[in-house]
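Structural features, examined
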Amino acid sequence: MPHSITILCGHYGCGKTNLALNLALQAAGDGSPVTLADLDVVNPYFRSCDYRPLLEARGVRLIAPVFAGTTLDTPTLPPELASIFAPQSGRVFVDAGGDDAGVTALGGMSARLKEAGYEMLYVINGYRALSQSPGEAAALLKEIEGASRLKATGIVNNSHLGKETALDDLGAGEAFAQETARLTGLPLLYSTVTDFTLQGQPPPKGFRVIRRLVTFPWE
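No experiment lies behind these values; they were computed from the predicted model shown. (Residues numbered from 1 in each chain as written. Predicted model: local features only at pLDDT ≥ 70, side-chain atom pairs only at ≥ 80, totals over all residues. Heavy atoms only, no water.)

A word on the nonpolar core. One finds I7, V94, L106, L113 and Y122 to be the most contacted residues of the largest nonpolar core, which totals 30 residues. Where this core is concerned, the elements lending two or more residues are strand 1 (5-10), strand 4 (91-98), strand 5 (119-124), helix 6 (134-148) and helix 7 (169-184). Leave out the neighbours within four places in its chain, and I7 touches V94, A96, L106, L113, Y118, E119, M120, L121 and L150. Within the second largest apolar cluster, 25 residues are counted, among which are L8, C14, L19 and L121. (Core = buried A, V, L, I, M, F, W, Y, C linked by side-chain atoms within 4.5 Å. Buried < 20%, exposed > 50% of the residue type's maximum accessible area, 1.4 Å probe, protein only. Helix = DSSP H or I, 4+ residues; strand = E, 2+ residues; numbered from the N terminus. Contact = heavy atoms within 4.5 Å.)

Below, the structure written as structure tokens:
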């Protein structure tokens, strides 16, 4: 049985928020209570809170930082964040900030998270700058774990090139993920592939199909 709290961490631009949205919406598909907590108090772009109407229409409760979605630069954690430990919150997904700076907010919650039980997914994208080698990705994870005072429990390979992703790109991303898993000693849980990339073909073994929900402002 999966942990009731799933934390998603990773490098800026790895596609963590898009994955968090997909996981939350999929979990809510059977009508079960689902909560998505947007804990990114650093990056004002590509936020889970930007998709509040979509989430709430599908029955997903959203917890977002105070003043999220406004022009005010006030990185304050939401007071209702403590409710993620309550049974009525159901399945909880935490969209943590990118890199070590973004996950610092988790440090203050680490003791309660350890007591409650959690899984922390390290989302990687081999096509992103600053994490294009397995060694760089492994080093970044150590920084994230140090800042959050939590240990990652598994890796999710989310290597992609946005809407330019093609089937031929999946192989290189998978090799990158396998080597990162070896260096970190963590299991590679699965890889992702967007529905449009498959072009009607079945996903390769070990791949999970997701939708591209997060888009660039100019698209």
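Taken as a whole and assessed by the stated rule, the structure comprises zero disulfides. C9 takes part in no disulfide bond, and the closest cysteine sulfur to it belongs to C14, at a distance of 8.2 Å. When its relative accessible area of 0% is taken as the criterion, C9 is described as buried. Residue classification places C14 among the buried positions, given a relative accessible area of 2%. (Disulfide = S-S within 2.5 Å.)

Positioned with a positive phi, R149 is a non-glycine residue whose angle comes to about 60 degrees. Positionally, R149 belongs in the loop between helix 6 and strand 6 (154-157). A positive phi angle, close to 50 degrees, is found at Q199, a residue other than glycine. Among the secondary structure elements, Q199 is positioned in the loop between helix 8 (195-198) and strand 8 (207-210).

Backbone-to-backbone hydrogen bonds pair the strands of a sheet. The strands run either parallel or antiparallel. Strand order in this open sheet of eight strands is 3-2-4-1-5-6-7-8, and the pairing throughout is parallel. Looking at strand neighbours, the two that pair on one side only are strand 3 (60-63) and strand 8, the edges of this open sheet. With strand direction ignored, the average angle separating the axes of adjacent strands in the sheet is 25 degrees. Where strand 1 and strand 5 come together, five bridges link them in parallel fashion. Paired with L8 across the strands is L121, a residue of strand 5. With respect to the sheet, helix 6 is in contact with strand 1 and strand 5, its orientation differing from that of strand 5 by roughly 145 degrees. (Pairing = 2+ DSSP bridges. Axes fitted to C-alpha atoms, helices over the stretch in contact; angles between N-to-C directions.)

Our focus in this paragraph is the packing of helix 6 against helix 7. Axes are the key here: two packed helices are described by the angle between their axes and the distance separating the axes. It is the contact of helix 6 with helix 7, at a shortest axis distance of 9 Å, that shows an interaxial angle of 45 degrees. When the axes of helix 6 and helix 7 are compared, the pair comes out oblique. Regarding helix 6 and helix 7, the two cross each other, and that crossing is right-handed. Contact with helix 6, carried on its side by P134, G135, A137, A138 and L141, involves F176, E179, T180, L183 and T184 of helix 7 and no other residues of that element. Among the residues making up the contact of helix 6 with helix 7, the classes are represented as six nonpolar, three polar and one charged. (Parallel < 35°, antiparallel > 145°, perpendicular 65-115°, else oblique. Left-handed = near helix turned anticlockwise from the far one by under 90°. Nonpolar A, V, L, I, M, F, W, Y, C, P; charged D, E, K, R; others polar.)

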